[in-house]
Amino acid sequence: MSKRPFLGWFSLPSVLIAFAIAASFIAIVQYSFRAYVPGSLDPGGFTLDNFTTLWKTVYGQAFLNTVLLCLWTAIFTLLIGYPLAYAMVRAQSVKLRSAILLISLTPLFLGEIVRTYSWIIVLGNRGFVNATLMQMGFIDAPINFMFTMTGVVIALVHFTLPIVVVMLAAALSHIDMNLERAATSLGAGRVRVFASITLPLSIPGIAAATSTAFAWTFSAFATPQMIGGGKVQTISTLVYQVGFASFNFPLAASLSLVGLLFTIAVLAIFNTGIRRLEKFGAHS
Amino acid sequence: MKKSLFDHLLDWSGRVLLTMILGFVLLPFLVVFIASFNDSAILSFPPKNWSLRWYSNAIEYRDFGKGLINSLKVSAIAATFAMIAGSGFAYVLNRYDFSLKSLLNSILMSPLIIPNFTIGLGLLILSTAASLPRTIWLVVAVHVIIVLPFVIRSVYVSLQNFERRYEQAAESLGAAPLRVLLTITLPLLVPGLISGALFAAILSFNEFTASLFVVNQGTQTFPVAMYNYVREYADPTLAAVSVIYVIAVAALLLVVHKFFRLEKVLNVE
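Residues numbered from 1 in each chain as written. Chains lettered and ligands numbered in written order. Predicted model: local features only at pLDDT ≥ 70, side-chain atom pairs only at ≥ 80, totals over all residues.

Participant: Help me understand the overall build of chain B in this model?
Facilitator: Assigned secondary structure in chain B consists of 12 helices and zero strands. Each helix (α) and strand (β) of chain B, taken in turn from the N terminus, gives the series α-α-α-α-α-α-α-α-α-α-α-α. Relative to its length of 269 residues, chain B is extended, with a C-alpha radius of gyration of 24 Å against a globular reference of 18 Å. Taken across its 269 residues, chain B has 39% of its residues classed as buried. In chain B, the share of contacts with a sequence separation of at least 24, taken over all contacts with a separation of at least 6, comes to 75%. (Helix = DSSP H or I, 4+ residues; strand = E, 2+ residues; numbered from the N terminus. Rg over C-alpha atoms; globule rule 2.2 N^0.38 Å. Buried ≥ 20, exposed ≤ 12 C-beta atoms within 10 Å, placed from the backbone. Contact = placed C-beta atoms within 7 Å.)

Participant: Help me understand the overall build of chain A in this model?
Facilitator: Secondary structure summary: chain A contains 13 helices and zero strands in total. The globule rule puts the C-alpha radius of gyration for 284 residues at 19 Å, and the 24 Å found for chain A is more than 25% above it. Seen along its three principal axes, the alpha-carbon backbone of chain A occupies a region of about 75 × 75 × 40 Å. Here chain A holds 284 residues, and 43% of them are scored as buried. If you take every contact in chain A between residues at least 6 apart in sequence, the share linking residues at least 24 apart comes to 70%.

Participant: What am I meant to see in the nonpolar core here?
Facilitator: Most often, soluble globular proteins have nonpolar side chains that are buried together. Counting residues in hydrophobic clusters, the biggest one holds 147 residues, and the most contacted among them are A82(B) and A200(B). With 16 residues, the single largest contributor to this core is helix α7 (residues 149-173) of chain A. Not counting residues within four places of it along the chain, the set of residues in contact with A82(B) comprises V144(B), V147(B), L148(B), V151(B) and A200(B). (Core = buried A, V, L, I, M, F, W, Y, C linked by C-beta atoms within 7 Å.)

Participant: Even after reading the chapter, I still don't get the UniProt feature "transmembrane region" (unreviewed entry) in chain A, so can you show me in this structure?
Facilitator: The sites that UniProt annotates as "transmembrane region" (unreviewed entry) are residues 7-33, 62-87, 99-123, 143-172, 193-216 and 249-270 of chain A. In residues 99-123 of chain A, the share of helix is 76% and the share of strand is 0%. The end C-alpha atoms are 26 Å apart. (UniProt positions renumbered as here; feature names shortened; annotations may be inferred.)

Participant: Explain the UniProt feature "domain: ABC transmembrane type-1" (unreviewed entry) in chain A to me, please; I cannot follow it from the model alone.
Facilitator: In the UniProt entry, the feature "domain: ABC transmembrane type-1" (unreviewed entry) is given for residues 63-270 of chain A. Taken end to end, residues 63-270 of chain A is 78% helix and 0% strand, and its first and last C-alpha atoms sit 18 Å apart.

Participant: Hey, could you run me through the UniProt feature "transmembrane region" (unreviewed entry) in chain B in this one?
Facilitator: Residues and elements named next belong to chain B. The UniProt record annotates "transmembrane region" (unreviewed entry) at residues 12-37, 74-94, 106-130, 136-159, 180-205 and 237-256. Within the segment residues 74-94, helix and strand shares are 100% and 0% respectively, and the terminal C-alpha atoms sit 29 Å apart. Segment residues 237-256 splits into 100% helix and 0% strand. End C-alpha atoms: 29 Å apart.

Participant: How do you make sense of helix α6 (residues 128-135) of chain A when you look at a structure like this?
Facilitator: Residue pairs three or four apart in sequence face the same way in an α-helix, which turns once every 3.6 residues. Among all positions in α6(A), only F128(A), V129(A) and N130(A) are buried. Against α5 (112-123) of chain A together with α1 (5-36) of chain B lie the buried residues of α6(A). G137(A) occupies a position one or two residues after α6(A) and carries a positive phi of about 80°.

Rendered as structure tokens:
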């Protein structure tokens, strides 16, 4: 550690990038305390008006929508992702394993636009689901998925699933199989082995996957924008609307800032809860 | 071991569940595949007439071509920058202790938590306040910030699994630090660097939200061009684009899987 021949050279580019990140964060904080001057991109003087504006119902509704979307998406993604990750890790045949791996991970490398557009074709009023159900005579009028929370949640679950599967599969693959074998040899049935060995040991993975699912859903923009169509406003769609419809950068900045503080608070509470849970698990 | 009736039931319900979940993952891609060959501009299932006109429309639409070139440029430059900055920082993080190290680390890692729309808005405000023109370099800067944490992580993991004895052997034989770095450390890190840069390039190519805030008509990336198309036209041209996109990505992943095995790359073995 005494010789440091490359310290300065190697950290220089990343220090510059860190400055850019810090500067843009400071710009957001600064703009959120400045007045909006209609028709100008330059902000006015110091004000707290942006934050009092956020108490209006539109913004409260957007916060509520975002939280609900995060919650429902996390629940359904975990319920669907866990069996998928389990099957991927425990599949006996190499071919089946590769197939599950490729099918569930390919969407991770397709952008939000392709995936959201595909869901519009599936869920639209003349889309695949409604056309099929109507031809089979199950329904007379199309079910509204577009512009509803249900539609946005379906697409968001599909959007979040691959990353959750990756994290759950990583956790499941690091569980010592000998523990399960020992339980089986002592006469435990498969359900009992899963409930008392596999599931508890994968809790750290579930926790990590849940917080990632939350961050992804919170950050999602194209899905609520295109499927919500302005009827399901979230923080991200509102920031874009405020920023680009009226070029009210100060209000967009304060909305982003509050959203960011909210994310950090949720993740911090979540992590503390998990650490408590782990400590509790370690003691018992 | 003889399986009981209950075990068989469990096996079968597991298979049914797995098929349903895989069906849910594949459904939108199958549907978009069918829709892309629909002759009519209005969606209908099943399509009454088939045609390839949306494919030729997609290839001829000029914004897609320009967007594709912009995206290839941006992702290549951003991945290169991120690899240089990220591997340098990962090395420093792994080998040295210095003041402000943890602060620097948390700033560089913060884009994992900060939503992309906030990063885009921040850079937009910053460039407006500094009256910088909205060139392609602004898009590159946003992408470098977003993909950098992934590169740092991937190189840092390779450095942690690194066999230090090779370096020590070279040092004890009298090699200067620069020579050790260039002839021992760097060559051994190449696989980690390549997979990190590849991952960064794919992430950058797909990035949409933050880009939307900082692009203009001339610098719009491929995902932004696709988004703008959906807002203006209702025809299935984008279905054709999506099919090409999905096939290209799946083919790329198959190749990666053949050579590297995805289980290993994603650490799910």
